Amino acid sequence: MYIFCILNCQIKLIENPCVKILRWVLIYKKGYQSREETVQSSVITKLKGVVMTNNTESGPHLWGAEDYVIPPSGEQVFFIVTNYIETPNQRLGFCAEVSEKQYCGSFFFRTGVKTGVCLNSTGTCEIHGWCPVETGRKPLVALLSKAENFTIYIKNFIRFPKFEFSKSNILDTGNDSYLKRCSYDNVLHPYCPIFRLGDLVSRTGHNFQDMAVVGGSVGILIEWICDLDKDYSQCNPAYSFTRLDINLNSSVTSGYNFRYARYYKDETGNSYRTLYKVYGIRFDIMVNGRAGKFNIIPTVIAIGSGFAIMGMGKFACDMIFVYMLSTSSFYRDRKFEILK
Amino acid sequence: MYIFCILNCQIKLIENPCVKILRWVLIYKKGYQSREETVQSSVITKLKGVVMTNNTESGPHLWGAEDYVIPPSGEQVFFIVTNYIETPNQRLGFCAEVSEKQYCGSFFFRTGVKTGVCLNSTGTCEIHGWCPVETGRKPLVALLSKAENFTIYIKNFIRFPKFEFSKSNILDTGNDSYLKRCSYDNVLHPYCPIFRLGDLVSRTGHNFQDMAVVGGSVGILIEWICDLDKDYSQCNPAYSFTRLDINLNSSVTSGYNFRYARYYKDETGNSYRTLYKVYGIRFDIMVNGRAGKFNIIPTVIAIGSGFAIMGMGKFACDMIFVYMLSTSSFYRDRKFEILK
Amino acid sequence: MYIFCILNCQIKLIENPCVKILRWVLIYKKGYQSREETVQSSVITKLKGVVMTNNTESGPHLWGAEDYVIPPSGEQVFFIVTNYIETPNQRLGFCAEVSEKQYCGSFFFRTGVKTGVCLNSTGTCEIHGWCPVETGRKPLVALLSKAENFTIYIKNFIRFPKFEFSKSNILDTGNDSYLKRCSYDNVLHPYCPIFRLGDLVSRTGHNFQDMAVVGGSVGILIEWICDLDKDYSQCNPAYSFTRLDINLNSSVTSGYNFRYARYYKDETGNSYRTLYKVYGIRFDIMVNGRAGKFNIIPTVIAIGSGFAIMGMGKFACDMIFVYMLSTSSFYRDRKFEILK
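Note that the structure is predicted; figures quoted are calculated from it, not measured.

Counting its regular elements, chain A contains seven helices and 15 strands. Split into buried and exposed, the 340 residues of chain A put 52% on the buried side. In chain A, once contacts between residues fewer than 6 apart in sequence are set aside, the share between residues at least 24 apart is 69%. For chain A, the exposed area adds up to about 15,900 Å²; of that, 56% sits on carbon and sulfur atoms.

With that out of the way, let us pick up a positive patch on the surface. Side chains of Lys46(A), Lys48(A), Lys180(A) and Lys138(C) sit close together on the surface and give a patch of like positive charge. Tracing the backbone through its elements, the reader meets Lys46(A) in strand 2 (residues 40-48).

Looking now at the environment of Pro132(A). All names here are of chain A. With respect to the helices and strands, the residue Pro132 is situated in the loop between strand 8 (124-131) and strand 9 (151-160). Taking the C-alpha atoms as reference, Pro132 lies 40 Å from Phe195; in sequence the two are 63 residues apart. Excluding anything up to four places from it in sequence, Pro132 contacts Thr87, Asn89 and Gln90.

This brings us to the pattern of salt bridges. Under the criterion given, the structure shown has 24 salt bridges over all chains. Of the charged contacts in the structure, one is a salt bridge between Arg259(B) and Glu134(B), with a shortest N-O distance of 3.0 Å. With Arg259(B) in strand 14 (residues 257-265) and Glu134(B) in the loop between strand 8 (124-131) and strand 9 (151-160), this pair connects stretches of sequence that are 125 residues apart. The two residues Arg259(B) and Glu134(B) agree in class, both being buried. Between Asp67(C) and Arg262(C) there is a salt bridge, and its shortest N-O distance comes to 3.7 Å. Of this pair, Asp67(C) sits in helix 2 (residues 65-68) while Arg262(C) is found in strand 14 (residues 257-265), placing the two residues 195 residues apart along the sequence.

Those residues carrying the UniProt feature "binding site: ATP" (unreviewed entry) are Lys46(A), Leu47(A), Lys48(A), Thr151(A), Asn257(A), Phe258(A), Arg259(A) and Lys277(A) in this numbering. These annotated residues cover 232 residues of sequence, and their C-alpha atoms sit far apart, with the largest distance between any two at 24.5 Å. Mapped onto the elements, Asn257(A) comes out in strand 14 (residues 257-265). Residues in contact with Asn257(A), not counting those within four places in the same chain, are Lys277(A), Val278(A), Tyr279(A) and Lys46(B). One polar contact links Asn257(A) to Lys46(B), side chain to side chain, over a distance of 2.5 Å. Along the chain, the position of Lys277(A) falls in strand 15 (residues 271-294). The contact partners of Lys277(A), leaving out residues within four places of it in the chain, are Asn83(A), Tyr84(A), Ile85(A), Glu134(A), Asn257(A), Phe258(A) and Arg259(A).

Turning our eyes to something else, we now look at the pairing of strand 10 (residues 165-168) of chain A. Residues and elements named next belong to chain A. Alignment of strand 9 against strand 10, held across four bridges, turns out to be antiparallel. Paired with Phe160 across the two strands is Phe165, which belongs to strand 10. Hairpin connection of strand 9 to strand 10: four residues between the antiparallel strands, including Glu164 at a positive phi of 50 degrees.

On to the state of the cysteines. Residue and element names in this part refer to chain A. Within this structure, the stated rule accounts for nine disulfides over all chains. Two residues, Cys182 and Cys192, share a disulfide whose sulfurs are 1.9 Å apart. Here Cys182 and Cys192 share a disulfide; its torsion about the S-S bond, 90 degrees, makes the bridge right-handed. Taken together, the residues span a long stretch of sequence, with Cys182 in the loop between helix 3 (176-181) and strand 11 (194-196) and Cys192 in the loop between helix 3 and strand 11 at a distance of ten residues. One exposure class covers both Cys182 and Cys192, and it is buried.

Attention shifts here to the UniProt feature "glycosylation site" (unreviewed entry) in chain A. Residues and elements named next belong to chain A. As annotated in UniProt, the feature "glycosylation site" (unreviewed entry) corresponds to Asn149 in the numbering used here. Within the secondary structure, Asn149 is located in the loop between strand 8 and strand 9. For Asn149, a relative accessible area of 27% corresponds to the partly exposed category.

Another aspect to go through is a nonpolar patch on the surface. On the surface, a cluster of nonpolar side chains totalling about 310 Å² of accessible area is made up of Leu140(A), Val141(A) and Leu143(A). Classification of Leu143(A) as partly exposed rests on a relative accessible area of 31%.

Attention now goes to the packing of aromatic side chains. All chains considered together, the criterion is met by 45 aromatic pairs over all chains. Geometrically, the ring pair formed by Phe195(A) and Tyr239(A) is edge-to-face, given 5.0 Å between the ring centres and 70 degrees between the ring planes. You can see Phe195(A) sitting in strand 11 and its partner Tyr239(A) sitting in strand 13 (residues 237-243), a full 44 residues away along the chain. The exposure classification of Phe195(A) matches that of Tyr239(A), with both residues buried. Residues Phe78(B) and Phe283(B) carry aromatic rings whose centres are separated by 5.6 Å and whose planes lie at 25 degrees to one another, so their mutual orientation is stacked.

Right, let's get into unusual backbone geometry. All names here are of chain A. The omega torsion across Cys131 and Pro132 is -5 degrees, close enough to zero to call that bond cis. Unlike most non-glycine residues, Asn89 shows phi in positive territory, near 55 degrees. Counting through the fold element by element, Asn89 comes out in strand 6 (residues 77-96).

With that out of the way, let us pick up the pairing of strand 8 of chain A. Each regular strand displays side chains that alternate between the two surfaces of the sheet. All names here are of chain A. Burial of strand 8 is extensive: seven of the eight residues sit out of reach of the surface. Sheet analysis places strand 6 next to strand 8, joined by six bridges and oriented antiparallel. Bridge pairing in strand 8 links Leu92 to Trp130. Taken together, the five bridges between strand 7 (residues 112-119) and strand 8 define a ladder with antiparallel strand orientation. Across the sheet, the residue bridging to Gly112 is Gly129, located in strand 8.

Attention now goes to the confidence of the model for chain A. Per-residue confidence for chain A gives a mean pLDDT of 79; residues scoring 70 or more make up 72%. Reported confidences for the modelled complex are a pTM of 0.82 and an ipTM of 0.78.

Residue and element names in this part refer to chain C. Tracing the sequence through the fold places His61 in strand 4 (residues 59-63). A distance of 3.1 Å separates the side chain of His61 from the side chain of Glu86, its partner in a polar contact. Discounting residues that sit within four places of it in the chain, His61 has contacts with Val51, Met52, Thr53, Tyr84, Glu86 and Tyr276.

Basis of the calculations
Residues numbered from 1 in each chain as written. Chains lettered and ligands numbered in written order. Predicted model: local features only at pLDDT ≥ 70, side-chain atom pairs only at ≥ 80, totals over all residues. Heavy atoms only, no water. Helix = DSSP H or I, 4+ residues; strand = E, 2+ residues; numbered from the N terminus. Buried < 20%, exposed > 50% of the residue type's maximum accessible area, 1.4 Å probe, protein only. Contact = heavy atoms within 4.5 Å. Areas by Shrake-Rupley, 256 points an atom, 1.4 Å probe, with all protein chains shown as cover. Patch = residues over 30% accessible without salt bridge, like charges linked within 9 Å, V, L, I, M, F, W, Y side chains within 5 Å. Salt bridge = Lys/Arg side-chain N within 4 Å of Asp/Glu carboxyl O. Lys, Arg positive; Asp, Glu negative; His and termini not counted. Charge placed at Lys NZ, Arg CZ, Asp CG, Glu CD. UniProt positions renumbered as here; feature names shortened; annotations may be inferred. Polar contact = N/O pair within 3.5 Å; in protein donor to acceptor, adjacent residues only side chain to side chain. Pairing = 2+ DSSP bridges. Disulfide = S-S within 2.5 Å. Phe/Tyr/Trp six-rings, centres within 6.5 Å; stacked < 30°, edge-to-face > 60°. pLDDT = per-residue confidence, 0-100.

Okay, structure coming up:
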């Protein structure tokens with residue numbers, strides 16, 4: 001009876017789970033493959049589209065990619081201007097700070113150095129800085145709202161150094177004009193490397209026009225999960241999109257903006273500048289990849305581990321019978337027979 | 001007697017260490033949790049503070065964040081100007097190289113192309129380049145020494161995609177003005193996202209004023225180590241600061257500087273420029289994170305591994321008795337009884 | 001007979017592979033060491049060299065590091081201009097688009113907004129934008145071909161935080177002038193931190209002059225694989241070079257270019273600009289590192305795992321004899337003796 005118990009236990013504890021674990025390790029987890037988790041990656045981006053803005057304050061402005069992409073050098077992380085406040089013809093001098101009374105006591109002003117004079121005309125402090133100062137008002141509409149029609153062209157080259165495998169996201173379709181005109185769609189055109197800005201933001205679950213007013217941050221993930229035992233054409237990128245600056249704490253204002261200035265000199269050699277406060281969307285392209293390929297060493301280790309777990313099952317059976325069952329003392333006598 | 005030996009051995013080798021290892025795996029190493037080591041992160045930085053410099057050579061200069069942060073776009077890696085050498089009104093022409101005799105034979109000059117003429121007046125080679133050339137002297141004092149009062153506001157959004165968990169370092173205190181006015185302190189204000197530049201450098205064990213003269217490189221580490229079985233409010237960032245350019249080899253000069261130029265055109269359309277050699281501190285914000293959450297699969301694997309190690313202990317006991325003890329031949333006879 | 005079989009099997013399955021596996025784990029895989037796979041790294045780069053270009057269209061140009069390195073701030077990822085197309089004195093206005101008939105139907109022009117007028121003189125559409133527009137021709141020769149003599153000085157500081165170990169690639173040779181004048185060579189000067197641009201590209205298996213015409217992307221890998229049980233001087237960087245934008249799909253044009261503009265204002269306050277389309281090589285410095293140091297915990301675990309695999313061998317022997325050999329039923333009778 002007990003023999004059958006032990007045999008039954010062993011079969012239940014060993015054969016069934018072992019076969020399952022081995023199958024899981026070998027087939028599902030691809031335990032027979034050598035793996036590469038690090039990927040060498042190079043990303044080049046190119047924006048297309050121009051927008052003409054024309055507001056009463058600063059006159060007509062043409063925004064080309066050389067202006068609205070910051071930096072313009074085709075980086076993996078870049079910022080696209082969707083809104084701006086321009087303060088033209090600032091000169092170093094003395095003028096009134098825009099009223100921000102709560103900051104009046106602070107050592108540093110944002111726009112200049114406090115002279116100690118309080119101007120009665122405005123009720124604010126006088127500063128020594130670039131005058132006139134930028135108005136403190138917040139934007140309500142996006143001046144570059146048409147930026148949603150801009151397109152991002154992403155070139156991504158990857159390499160798995162261990163397997164000497166390299167590929168690009170510009171897939172060989174035998175149709176070049178397709179790759180220049182297509183527009184990414186996760187169902188219809190999953191391998192098209194051109195992304196319309198508005199679509200891209202809406203894929204994160206947000207609205208481009210809302211985001212364009214005060215800016216934000218978007219992550220573009222490119223994943224390369226490749227089984228190199230299969231054909232070269234089976235190793236393809238998968239794109240996903242996520243908004244990175246979602247603030248669950250709604251009380252702190254979200255958005256993305258910064259200032260930059262263009263400096264000029266007049267005929268007398270004096271400097272003046274135009275200050276731009278730009279709002280926009282920062283894109284961060286993140287590339288992940290892992291590849292696997294058949295290799296004898298992990299195969300042997302995987303099978304070996306399977307046997308080790310079998311051994312564990314046998315030991316557990318012994319343990320159960322020796323220490324836990326009611327007949328343990330009897331069984332133990334058999335197991336550890338007295339050595340005379 | 002031997003039975004007790006074996007039992008004793010098994011208990012010593014198996015029960016005690018096993019319970020310890022299992023406890024260590026399950027409790028200390030949190031073996032019952034599924035883990036996520038990669039974190040998606042977005043960092044936005046904003047500098048505050050202005051400084052007025054006024055040296056005899058270049059006149060008054062106002063340095064705002066749009067000037068002293070390079071690039072000004074709120075990046076994760078940025079440079080803050082703490083010192084500079086200005087060479088205004090350079091024009092393309094012919095002039096004398098500043099004396100650097102040891103480089104006279106080299107093909108390239110730093111500042112222009114050698115014409116082959118040796119100028120008796122200065123004893124140096126004539127170059128074709130931007131004239132007058134920058135003086136070669138090293139700075140002794142930091143012109144933007146007040147930069148130590150600048151503040152860095154760091155917004156860091158993280159996401160553990162596997163657990164669909166996202167959080168920001170701007171913690172929900174229910175007090176917005178606190179988050180705008182506080183100053184980071186590892187004891188009093190460990191979750192304040194505003195860092196005074198001087199404090200930040202002193203936390204690396206260095207002096208801001210010393211570092212400001214010729215520049216350097218500082219790393220700001222943000223670590224998110226989160227047990228997601230606990231409450232949302234228990235997942236908090238930990239900041240640490242380290243100087244990245246410490247050179248144990250004192251003979252090679254440390255520091256961080258580079259040059260950039262602002263280009264102008266005069267009325268006749270000819271170009272001239274102002275060359276800036278800026279010294280400063282590069283900040284590199286590095287975000288690490290790992291999270292764990294209860295999952296049945298790693299729990300089973302952890303317990304299973306514990307049993308496997310128990311099996312190993314039993315085998316070791318057998319080995320010790322069969323191969324190593326003096327009574328081994330006798331015991332071996334018992335173990336492998338003759339099959340008739 | 002069977003006893004010898006089992007003993008023989010155990011020796012073959014246990015002793016030999018176990019000793020080999022233990023040796024492999026302990027010596028080759030350094031199983032006795034605690035490991036650190038993440039490295040904190042700081043990279044500072046500095047380019048040297050000037051080039052004078054003089055083409056009929058744009059007159060003489062002096063390219064210093066402040067111009068041809070984009071951004072000029074000594075980053076880990078940077079772009080070096082090797083070729084360019086200059087379009088000087090552009091002003092906002094109306095002019096003819098350069099003939100690109102296939103794009104005539106598209107909503108966005110690259111250079112301006114379509115007015116709807118078709119100009120008979122050129123046969124192309126009229127645009128409202130920066131005029132005159134850039135010519136569409138592709139470059140055939142590299143204007144900065146002498147850039148192959150530029151040198152990159154790479155300062156790399158690394159830190160293994162777990163072991164509190166830090167080192168720089170500027171090795172202590174006791175000879176400073178060597179570190180300022182040397183030129184990297186993988187055999188003669190493997191630790192020299194100065195790289196000639198032309199050599200660096202040729203080490204990737206490509207030709208600098210070919211690459212300079214339309215640009216490309218090059219990765220510089222710095223690997224720190226350190227056994228910290230050895231002397232401090234044994235932890236050294238290893239450099240390797242790879243072209244990152246190799247396109248196996250030859251039909252899609254490779255290369256690297258982008259546009260930027262320099263803005264000016266005339267005496268009347270009107271803006272004009274010079275547009276540069278620059279071609280060049282992007283360098284991406286990637287730092288990897290791992291370190292190991294003796295630690296008692298991994299040593300115990302490694303030896304323990306060895307024993308576990310031994311136990312697996314014993315179990316496999318039992319399995320073979322019980323389930324697979326022809327005498328299995330007989331042997332099984334012995335193994336599981338009837339408990340009365």
